[in-house]
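Inside the fold
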Amino acid sequence: MLHITVDGQPRECAPGTLLEALDALGVTVPALCNDPRLAPVGACRTCIVEVEGCGRPVAACTTPLTEGMVVHTRTPLVEAQRRVLLRLLASEYPAEAMTRQPDKPFHRALREYGLEGELRGAHRPSLRDDSHPYIHVDMSQCIHCYRCVRICDEVQGQFVWRVWNRGAGTRILPDGPNLRESSCVSCGACVDTCPTGALEDRTLLDQGGPERWTRTTCPYCGVGCEMDVGTRGERIVTVRPSREGPSNQGHLCSKGRYAFGFGASPDRITVPLLRENGGWRRASWDEALGFIAQRLRNLRAVHGPDAVGMLGSARATNEDNYLAQKLARVVLGTNNVDCCARVCHAPSAAALKRMLGTGAATNSFEDIEHARTLLVAGSNTTECHPVVGARLKQAVLRGAKLIVIDSRRTELARYADVHLQPRAGTDMPLLNALAHVVVTEDLCDRAFLRERVEAVDDFRAFIAAWTPERAAELCGVDAAAIRQAARLYATHGPSMMVHGLGMTEHVQGTESVMALINLALLTGNLGGPGTGVNPMRGQNNVQGSAHMGCEPGHLTGYVPLEANRARFEAAWGAPVPVAPGLDLMGMMDAARQGRLKALWAFGYDVLLTNPEARATHEALERLELLVVQDLFLNETARAHGDVFLPACTSFEKDGTFMNGERRVQRVRRALPPAGESLPDWEILCRAARALGHSEGFAFQSPEEIWEEVRRVWPAGAGLSYARLEMRGLQWPCPDEAHPGTRLLHTHLFASGSRAALRRVDYRPSPEVRTDDHPFVLMTGRRLYQFNAGTMTLRTPHALLQPGDWLDMAPADAERLGLEDGARVRVCSRHGAVVLPMRRAEGLRPGELFTTFHTAEVFINAVIGPHRDGYTHTPDYKVTAVRVERAGKSPTASGGPTERSAPPATPGGRGTAE
Ligand SMILES: Nc1nc2c(c(=O)[nH]1)N[C@H]1C(S)=C(S)[C@@H](COP(=O)(O)OP(=O)(O)OC[C@H]3O[C@@H](n4cnc5c(=O)[nH]c(N)nc54)[C@H](O)[C@@H]3O)O[C@H]1N2
Ligand SMILES: Nc1nc2c(c(=O)[nH]1)N[C@H]1C(S)=C(S)[C@@H](COP(=O)(O)OP(=O)(O)OC[C@H]3O[C@@H](n4cnc5c(=O)[nH]c(N)nc54)[C@H](O)[C@@H]3O)O[C@H]1N2
Ligand SMILES: [Mo]
């Protein structure tokens, strides 16, 4: 601590800049060009103060604090200078802007200095840009603080805003004809920092400023950004990043920042529905739950408890998911419970659990700033986890080395020192060749191997055959590049891995992650800051959904069922079913074979998102009861639902989410439940009661449920709501004095003192290319849409990215004579779809990429039945296809005959009213 004197008062402050100290002390001075997220520039000079011993006033934002400093913030000299500066800015500022809400820091400064009467500027239409669906631009209100330019460079790393001319003619313009057509990624950081209203959220201008702020956690991806939701009446009018958010540090991406409007969508279903004569009929809660209870009782009586299955929701809270699996096990009497981690990062969890003992990310996002080398494998981080993607870009801009392993040249690949671009589905040879180089060139961490690793000699013998030349043949990557990457990762540590579905959604998904772990073990890149193996978990709570026990073979805490049965039976006062449960894929198979009779799909659009759509369709069709608990009539509900239970959005309920770095964070109600919708936990409690189990389901609040979770999950026992109120915490956190765990495996592995290297050999995908199917199709996602699209497509994000299209290498497009926008039919051995195509750089000729966001295209009709051997995770990434020009079609989707999607049941699209 440093001792200083501020305006005559002795104070103590942490080292930093003088402005930071004043902020911390609650002493305010205007500081128009300052934002704590940015490097200080001292450009606007409104934060000038007098420091004894300095000849003239200094800018507080660029002056470092020193011991004994004596500071005066409001002397006549600095006040006069500030007034001159502000008067100059006022003379250019339009008076109407000052009265417009919401109030801005610049407005407050003008008022403080009594300058409201001196506004002489005018709105100039030529400086307005209304092209963007979310961001209103009026540069006649710009005071040239450059905060927008700097935050776009220094936080998002997008470099959209450019400064033109100098002096009075200075203009700040986007790098395109307008903002909409620029390289803007709509993260809203520039709007958030703008002190004048030159950049503003359109929602605020249209609907007025917020009356109330609620801090919560983003409902989209597994980064778990903390955000402040601004509401006015019963509407969200803006969302802002929380500066204290541990994983986002004052940043958001376009989805968290702007895609909040789905809950107010006119087709949101807010009353229970029952299917009747092919259509839907409105029902009361009692009637709907009574119907479910009776049907389930009958089905169980005839077919036994394992004829029923439950799918937890990676979109709902930990409390909701804990209850879903408890309901399945205790009330329905089955271990048939799973969640969509199955189709996503189950391979990561399985590989990490088997090799290291804990099935979760070893490190934290903050380790990005500690790594000297970053290895990003099969993760399109800047589009899928944009806030972490931006953090990775910033690390590279500051000098970290970057290796990207991706079958496409992604945005991050353009920043990479080495981009390894394997043919889709050939990562195994590539990863083994990397290990081969590390071993044969003696780049291992010998001390680490000696102390912490087993099976080293066996692995050496195995890996000898995986020369870079042999791998190069199979994966199409230069042997020299493989050597270069291996040397960089091994010798320029600490090295941190971040991986995505390009590793896991394959027939060898679990083994690919094992191969990544081998590399980390060989080079000692585990257990330290800036190292580790880190799956970028998908949805907001997919980590939590599985961790709470929505997994057939695992109970709460991701512990094996058999070994923990007795403990849970004691805690629940009820038997835990003995028969092993089916996972999601097993449930689909069983349904198709007529063995599974009822399914409860809670927050999961399984029809749209599972592979082999025809098979999913057949499976769901054979069910005698399909309960859908969701916000919308998603494709699953439309086509096959028998009962629809309307749930609250996460803006309308309390609870917790668990992010991809094992952090449990609070979700807080910002709005009342829409219509008759209920929080998921309450629906599940009522359902249990309708099924005759009031005991064990008599919870009055999410906190009560969480208390039970803490009792059955020792590593989470320290995570009380009272503590989470202050800040999200990472497990393991065994007691309330424990600070939480940023790094796993620091001295021992959770599995014991040593981890063993694994031999993993290559088994090529069964999807082989032939003359009939000469292309390989990869599927994944893009920036502006999220998974099943139920949420993002109901917001203006639909304007930013309207649907799914096929990316094709320009050479292939030319060969096939296809122009951008041409409608093509993509046929695999499993099905066909029609969609528009575009030429895309960054694909290997012969490879294609598209997304699964819309039911209009329904890409999962072409995806096949191949699954990972350990976890049954579908191979969504490698499908052999043929592409041909589709016939002329009048409708956007290619017309009903070309639509590959399972048809909606007649009348199935009708809603209640
Ligand atoms: N904008 C947006 N963000 C999202 C989502 C969304 O739908 N939209 N969904 C969320 C969810 S649920 C998840 S799981 C995550 C997923 O996040 P990611 O895993 O990053 O997403 P994907 O696009 O499925 O695939 C990642 C990358 O794998 C590459 N790839 C494909 N096949 C191969 C291969 O064989 N080898 C290699 N090395 N690379 C390959 C693709 O080119 C792609 O760049 O994103 C989450 N965030
Ligand atoms: N071809 C192809 N298919 C894929 C993938 C791929 O890469 N390629 N990726 C796979 C992956 S990784 C994933 S994770 C899955 C995702 O598949 P899904 O989990 O089906 O998709 P989501 O869009 O995340 O949302 C599921 C449902 O949750 C609902 N929902 C949202 N919030 C709540 C809530 O609070 N309560 C309730 N009750 N419901 C809510 C939404 O309306 C939606 O219907 O898709 C998989 N499918
Ligand atoms: Mo996912």
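Residues numbered from 1 in each chain as written. Chains lettered and ligands numbered in written order. Predicted model: local features only at pLDDT ≥ 70, side-chain atom pairs only at ≥ 80, totals over all residues. Heavy atoms only, no water.

**Comments concerning the domain arrangement of the protein chain**
Heads up, the condition is: For the purposes of this description, domain bounds are those given by an automatic or database domain assignment.
Split into domains, the protein chain comes out as domain 1 (2–88), domain 2 (346–535) and domain 3 (775–885). The C-alpha-based centres of domain 1 and domain 2 are spaced at 46 Å.

**Points about the pairing of strand E16 (residues 308–311)**
On any regular strand, side chains alternate: one points to one face of the sheet, the next to the other face. As a reminder, the rule being used: Summary of the burial criterion: residues with accessible area below 20% of their type's maximum are buried, those above 50% are exposed, and those between are partly exposed, where the area comes from a 1.4 Å probe applied to protein chains only. Helix numbers and strand numbers start at the N terminus; a helix is a DSSP run of H or I with at least 4 residues, a strand a run of E with at least 2. Each pair of strands is called paired provided DSSP finds at least two bridges between the two strands. Looking down the strands as they point away from you, a crossover is right-handed if its path from the first strand over the helix to the second goes clockwise.
Where burial is concerned, the two faces of E16 agree: the one with Val308 and Met310 and the one with Gly309 and Leu311 are both buried. Note: E16 against strand E26 (residues 598–602), four bridges, orientation parallel. Each bridged residue has a counterpart across the sheet, and for glycine 309 the counterpart in E26 is leucine 599. The sheet contact formed by E16 and strand E17 (residues 337–338) spans two bridges and is parallel. Note that in E17 the partner of leucine 311 across the bridge is aspartate 338. In this fold, the crossover linking E16 to E17 by way of helix H10 (residues 318–332) has right-handed handedness.

**What to know about the pattern of salt bridges**
Cut-off, in case you're wondering: Put simply, a salt bridge is a Lys or Arg side-chain nitrogen that is within 4 Å of an Asp or Glu carboxyl oxygen.
What the rule picks out here adds up to 61 salt bridges. Put simply, arginine 215 and glutamate 244 hold a salt bridge, and the shortest N to O gap is 2.8 Å. Taken together, the residues arginine 215 in strand E11 (residues 212–217) and glutamate 244 in the loop between strand E13 (235–241) and helix H8 (254–258) connect sequence positions 29 residues apart. One network of salt bridges, with partners in common, ties together Asp35, Arg37, Lys104, Asp192, Glu200, Asp201, Arg240, Arg243 and Arg257.

**Some remarks on the site of ligand 2**
We apply this condition: For this description, a residue counts as near a given molecule or strand if any of its non-hydrogen atoms is within 4 Å of it. Polar contact criterion, stated in full: a pair of N or O atoms within 3.5 Å, where within protein one must be able to donate a hydrogen and the other to accept it, and residues adjacent in sequence count only if both atoms are side-chain atoms. Accessible areas in this description were obtained via Shrake-Rupley with a 1.4 Å probe; residue shielding takes into account the shown protein chains only. Under this grouping Gly is polar, as are all residues other than the nonpolar Ala, Val, Leu, Ile, Met, Phe, Trp, Tyr, Cys and Pro and the charged Asp, Glu, Lys and Arg.
Inspection of the region around ligand 2 gives 33 residues, with Asp605, Thr609, Asp630, Asp680 and Asn860 positioned closest. One nitrogen or oxygen atom from the side chain of glutamine 539 is found 2.9 Å from an oxygen atom belonging to ligand 2. For ligand 2, an oxygen atom lies 3.0 Å from a polar atom in the side chain of arginine 781. In the complex, the protein chains occlude 99% of the 920 Å² of accessible area that ligand 2 would expose alone. Going through the elements one at a time, strand E27 (625–630) and strand E33 (775–780) are the ones with two or more residues in the shell around ligand 2. Classifying every residue of the shell around ligand 2 by side-chain character gives 15 nonpolar, ten polar and eight charged.

**Quick look at the UniProt feature "domain: 4Fe-4S Mo/W bis-MGD-type" (unreviewed entry) in the protein chain**
In plain terms, the rule: UniProt positions are given in the numbering used here, feature names are shortened, and annotations may be inferred rather than shown by experiment.
Here, UniProt's "domain: 4Fe-4S Mo/W bis-MGD-type" (unreviewed entry) annotation points to residues 211–267. For the annotated span residues 211–267, helix accounts for 9% and strand for 35% of the residues, and the straight-line distance between the end C-alpha atoms is 26 Å.

**Let's talk about the packing of aromatic side chains**
In plain terms, the rule: Stacked, tilted and edge-to-face are the three classes applied to pairs of Phe, Tyr and Trp rings, where Trp contributes its six-membered ring and a pair requires centres within 6.5 Å; stacked means planes under 30 degrees apart, edge-to-face means over 60, and tilted covers the rest.
Per the counting criterion, the structure on display carries ten aromatic pairs. Consider the rings of phenylalanine 262 and phenylalanine 651, whose centres lie 6.1 Å apart with planes at 35 degrees: the pair is tilted. Placement of phenylalanine 262 in the loop between H8 and strand E14 (273–276) and of phenylalanine 651 in the loop between strand E28 (643–646) and strand E29 (655–658) is noted, with a sequence separation of 389 residues between them. Residues phenylalanine 568 and tryptophan 572 carry aromatic rings whose centres are separated by 5.2 Å and whose planes lie at 70 degrees to one another, so their mutual orientation is edge-to-face. Of this pair, phenylalanine 568 and tryptophan 572 both sit in helix H22 (residues 561–572), four residues apart, which is roughly one turn of the helix. Assessed through its relative accessible area of 0%, phenylalanine 568 is described here as buried. By relative accessible area, tryptophan 572 is classed as buried at 9%.

**Quick notes on the sheet that holds strand E5 (residues 70–72)**
In plain terms, the rule: Only heavy atoms enter the contact rule, under which two residues are in contact if any of them lie within 4.5 Å. Comment: axis = line fitted to C-alpha atoms, over the contacting stretch for helices; angle = value between 0 and 180 degrees taken between N-to-C directions.
With mixed pairing, the five strands of this open sheet are ordered in space as E2-E1-E5-E3-E4. The sheet terminates laterally at strand E2 (9–13) and strand E4 (58–59), the two strands that pair on one side only. Pairing of strand E3 (residues 48–51) with E4 involves two bridges; the strand directions are antiparallel. Across the sheet, the residue bridging to valine 49 is valine 58, located in E4. Set on the sheet, helix H1 (residues 18–25) makes contact with strand E1 (2–6), E2, E3 and E5; between it and E2 the angle comes to about 105 degrees.

**As for the packing of helix H14 (residues 427–440) against helix H20 (residues 509–522)**
The cut-off we apply is this: Oblique is the label for any angle not under 35 degrees, not over 145, and not in the 65 to 115 range, which are roughly parallel, roughly antiparallel and roughly perpendicular in turn. In a left-handed crossing the near helix is turned counterclockwise from the far helix by less than a right angle, and in a right-handed crossing that turn is clockwise.
Across the interface, H14 lies against H20 with an axial gap of 9 Å and an inter-helix angle of 15 degrees. Our classification of the angle between H14 and H20 gives roughly parallel. H14 and H20 meet at a crossing whose hand is left-handed. Residues Met428, Leu431, Leu434, Ala435, Val438 and Val439 of H14 form the contact with H20, whose own contacting residues are Glu511, Ser512, Ala515, Leu516, Leu519 and Leu522.

**Looking at the site of ligand 1**
The environment of ligand 1 is made up of 35 residues, and the closest members are Cys384, Asp406, Asp427, Gln785 and Asn787. Take serine 407: an N or O atom from its side chain is 3.1 Å from a nitrogen atom of ligand 1. The backbone of glycine 425 places a nitrogen or oxygen atom 2.7 Å from an oxygen atom of ligand 1. When ligand 1 sits alone it has 910 Å² of accessible area, and the protein chains cover 99% of it. Going through the elements one at a time, helix H12 (381–384), helix H19 (501–504) and E33 are the ones with two or more residues in the shell around ligand 1.

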